[in-house]
Amino acid sequence: MIEFVNVSVFLGAALSCGVGGSAAGLAEGTIGMNAMQALGRQPKANAQLLRTLLIGVAVTETGGIFALVIGLLLLFGGLNSPDSAYDLARTVSFLAAGLAIGLGSMGSSFGSGYTAAESCAGVGRTPSHSNAVTSNMIVGQALTQTSTIFSLIISLLLLYLVPDMAENQSWGYQIAMSGAYLGAAMSIALGTIGVATGVGFVTGKAMRMIARFRENASTFLRQMFVGVAVVETCAIYSLVVAFLLLFK
């Protein structure tokens, strides 16, 4: 049985780091591209753009870091110890954990990257408003990361709180629970990709408007929070369904 456990652990770690890392890298490249375009328009805004770029990239990296953490836990957390007895459902939960955080971090990376990219574009057009844009950018990016935190929670639950099956449990029951664990991972992963990306659209355009109309920043921020709250409800639905699948 340990061979199947190892396969599940290795595939889970690969999905976690591969998908999560590639999404974060693509988003960070988009930020850098927009920063370069803005620098071409405003060479004198180099210092302001560099600050916005570095902060934006650092926050966007969050999803990739969460994916790396789950990948390392899968590989070096003792989950595939030969001294432990695992059933089918417990084994599948390792693969599901990697899937949850790998796909679940994609949306937040895209959303956070879009927010930072729009902020760089705004700073390039109006360097005098860079302080307001950059400080509010951090808030906007933090909002996009909520979905990744949901995915991280489900991944950790799949790793450490899924109980071992009793020895007399039928194969049919174990297959059903395996489907439940995969379903929980898919619920939170697929359910948050669009949500986090949509939140990024809201916060990114808010940063663009703050850069253009600094005097109306409070109005833009109020509208931004309302829009984010509406979009985030869908991620909460996905989280609730994932909890029900795990602990029904």
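What counts and what doesn't
- Residues numbered from 1 in each chain as written.
- Predicted model: local features only at pLDDT ≥ 70, side-chain atom pairs only at ≥ 80, totals over all residues.
- Heavy atoms only, no water.
- Helix = DSSP H or I, 4+ residues; strand = E, 2+ residues; numbered from the N terminus.
- Buried < 20%, exposed > 50% of the residue type's maximum accessible area, 1.4 Å probe, protein only.
- Contact = heavy atoms within 4.5 Å.
- Areas by Shrake-Rupley, 256 points an atom, 1.4 Å probe, with all protein chains shown as cover.
- Lys, Arg positive; Asp, Glu negative; His and termini not counted.
- Charge placed at Lys NZ, Arg CZ, Asp CG, Glu CD.
- Axes fitted to C-alpha atoms, helices over the stretch in contact; angles between N-to-C directions.
- Parallel < 35°, antiparallel > 145°, perpendicular 65-115°, else oblique.
- Nonpolar A, V, L, I, M, F, W, Y, C, P; charged D, E, K, R; others polar.
- Core = buried A, V, L, I, M, F, W, Y, C linked by side-chain atoms within 4.5 Å.
- Salt bridge = Lys/Arg side-chain N within 4 Å of Asp/Glu carboxyl O.
- Polar contact = N/O pair within 3.5 Å; in protein donor to acceptor, adjacent residues only side chain to side chain.

Participant: Now, about the overall build of the protein chain: what can you tell me, with residues and values included?
Facilitator: Helix and strand counts for the protein chain stand at 8 helices and 0 strands. When the helices and strands of the protein chain are read in sequence order from the N terminus, they spell out α-α-α-α-α-α-α-α. Overall, the C-alpha framework of the protein chain stretches about 70 × 30 × 20 Å when taken along its three principal axes. With 248 residues in all, the protein chain has 51% of them scored as buried. Pairs at least 24 residues apart make up 89% of the contacts formed inside the protein chain by residues separated by at least 6 positions. Taken as a whole, the protein chain presents about 10,800 Å² of accessible surface, with 70% of it coming from carbon and sulfur. Charged side chains in the protein chain number 11 positive and 10 negative. The centres of these two groups are separated by 27 Å.

Participant: Lay out the side chain of Thr52 with the relevant residues and their values.
Facilitator: Mapping Thr52 onto the fold places it in helix α2 (residues 46-60). Not counting residues within four places of it along the chain, the set of residues in contact with Thr52 comprises Ser119, Cys120, Val123, Thr134 and Met137.

Participant: Could you give me a rundown of the packing of helix α4 (residues 88-125) against helix α6 (residues 146-160), with the residues and numbers involved?
Facilitator: Their axes nearest at 8 Å, the elements α4 and α6 cross at an angle of 170 degrees. In terms of axis orientation, α4 runs roughly antiparallel to α6. Across the interface between the two elements, Arg90, Ser93, Phe94, Ala96, Ala97, Ala100, Ile101, Gly104, Ser105 and Ser108 of α4 pack against Thr148, Ser151, Leu152, Ser155, Leu158, Leu159 and Tyr160 of α6. Class assignment of the residues belonging to the contact of α4 with α6 gives a composition of 9 nonpolar, 7 polar and 1 charged.

Participant: I'd like to hear about the nonpolar core, residue by residue, with values.
Facilitator: Ranked by internal contacts, the top residues of the largest apolar core, which has 56 residues, are Leu74, Ile154 and Leu158. When contributions to this core are tallied by element, the ones reaching two or more residues are α1 (2-41), α2, α3 (62-76), α4, α5 (130-144), α6, α7 (171-212) and α8 (217-247). Apart from residues lying up to four places away in sequence, Leu74 is in contact with Val9, Gly12, Ala13, Leu79, Phe94, Gly98 and Leu159.

Participant: Residues and numbers for the pattern of salt bridges, please.
Facilitator: As enumerated under the stated definition, the model contains 2 salt bridges in all. Put simply, Lys205 and Glu118 hold a salt bridge, and the shortest N to O gap is 3.5 Å. Here Glu118 lies in helix α4 and Lys205 lies in helix α7, a separation of 87 residues in the sequence. On the basis of relative accessible area, Glu118 is assigned to the buried category, the value being 6%.

Participant: Tell me about the environment of Thr203, and name the residues and values.
Facilitator: Tracing the sequence through the fold places Thr203 in helix α7. Taking the relative accessible area as the measure of exposure, Thr203 reaches 0% and is therefore buried. Ignoring sequence-local partners within four residues, the contact set of Thr203 consists of Thr115, Gly140, Leu143, Thr144, Met224 and Val228. Polar side-chain contacts of Thr203 include one of 3.2 Å to the backbone oxygen of Gly200.

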